[in-house]
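Next come the chains, spelled out residue by residue.
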Amino acid sequence: MTDKLIALRDAAQYVRSGMKVGIGGGPVMITPIAVIREVLRQGARDLHLVASSTGGFGIDLLIGAGAVASVEFAQIVLNEFGAAPNFRRYAEQGRIRCLDHT
């Protein structure tokens, strides 16, 4: 049987600038933060994110780092912690393209 595990840095190299990327998990928990941080370390920019199902901390982190050009979402929140601050600020300032699918 072939080993299908790869190092985090190797997995993140498949996310390149300008790509459309689906981010799963939830607003705060079950979000692939380690992969997101590695994608940021490797310098991906102008990403087009699709939140599945609800976006939160991971997407907000990518937005705050300046790596996002657009985001498709039903909602991007941090649950009981309120609105995702980077998302809200960037959306209000017109710094990212928002495609709301509520």
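Refer to the structure printed above.
Structure report, in brief. (Residues numbered from 1 in each chain as written. Predicted model: local features only at pLDDT ≥ 70, side-chain atom pairs only at ≥ 80, totals over all residues. Heavy atoms only, no water.)

**Examining the pairing of strand 2 (residues 47-51)**
Here is the rule: For the exposure calls, accessible area comes from a 1.4 Å probe over protein chains only, and a residue counts as buried if that area is under 20% of its type's maximum, exposed if over 50%, partly exposed in between. Note on conventions: DSSP H or I runs of at least 4 residues are helices, E runs of at least 2 residues are strands, and numbering of each starts at the N terminus. Two strands qualify as a pair provided DSSP detects at least 2 bridges between them. Crossovers are marked right-handed if the path from the first strand over the helix to the second runs clockwise, as seen with the strands pointing away from the viewer.
Judged by which residues are buried, strand 2 turns out to be one-sided: L47, L49 and A51 face inward and are buried, whereas H48 and V50, on the alternate face, are not. Taken together, the 4 bridges between strand 1 (residues 20-23) and strand 2 define a ladder with parallel strand orientation. Its bridge partner being in strand 2, I23 is matched across the sheet by A51. For strand 2 and strand 3 (residues 68-73), the ladder comprises 4 bridges, and the chain directions are parallel. Looking at strand 3, one finds that V50 is bridged to E72. Regarding the hand of the β-α-β motif, the stretch spanning strand 2, helix 3 (residues 57-64) and strand 3 is right-handed.

**Some details on the packing of helix 3 against helix 4 (residues 85-92)**
Note the following rule: Axes, fitted as lines to C-alpha atoms, cover a helix only where it is in contact. Angles between the N-to-C directions of the axes lie from 0 to 180 degrees. Each angle gets one of four labels, with under 35 degrees taken as roughly parallel, over 145 as roughly antiparallel, 65 to 115 as roughly perpendicular, and the rest as oblique. Helix crossings are classified by the rotation of the near helix relative to the far one: an anticlockwise turn of less than a right angle makes the crossing left-handed, while a clockwise turn makes it right-handed. Two residues form a contact once any of their heavy atoms are found within 4.5 Å. Only Asp, Glu, Lys and Arg are considered charged in this grouping, and only Ala, Val, Leu, Ile, Met, Phe, Trp, Tyr, Cys and Pro are considered nonpolar; every other residue, Gly among them, is considered polar.
Contact geometry for helix 3 and helix 4: axes closest at 7 Å, N-to-C directions at 50 degrees. Between helix 3 and helix 4, the angle is such that the two are oblique. Regarding helix 3 and helix 4, the two cross each other, and that crossing is left-handed. In contact with D60, I63 and G64 of helix 3, helix 4 contributes P85, N86, F87 and Y90. Here the residues of the contact of helix 3 with helix 4 are counted per class, giving 4 nonpolar, 2 polar and 1 charged.

**Section: the packing of helix 2 (residues 33-41) against helix 3**
Put simply, helix 2 and helix 3 touch, their axes get as near as 10 Å, and they point 10 degrees apart. If you check the angle between helix 2 and helix 3, you find them roughly parallel. Across the interface between the two elements, I33, I36, R37 and L40 of helix 2 pack against F57, G58, L61 and L62 of helix 3. The class makeup of the residues in the contact of helix 2 with helix 3 is 6 nonpolar, 1 polar and 1 charged.

**Describing the pattern of salt bridges**
Test applied: For this analysis, a salt bridge means a side-chain nitrogen from Lys or Arg found within 4 Å of a carboxyl oxygen belonging to Asp or Glu.
Per the stated rule, a full pass over the model turns up 3 salt bridges. Between K20 and E72 there is a salt bridge, with its nearest N and O atoms 3.3 Å apart. Of the two residues, K20 is situated in strand 1 and E72 in strand 3; the sequence distance between them amounts to 52 residues. Two residues, E92 and R88, come together in a salt bridge whose shortest N-O distance is 2.9 Å. Separated by 4 residues within a single helix, E92 and R88 lie in helix 4, roughly one turn from each other.

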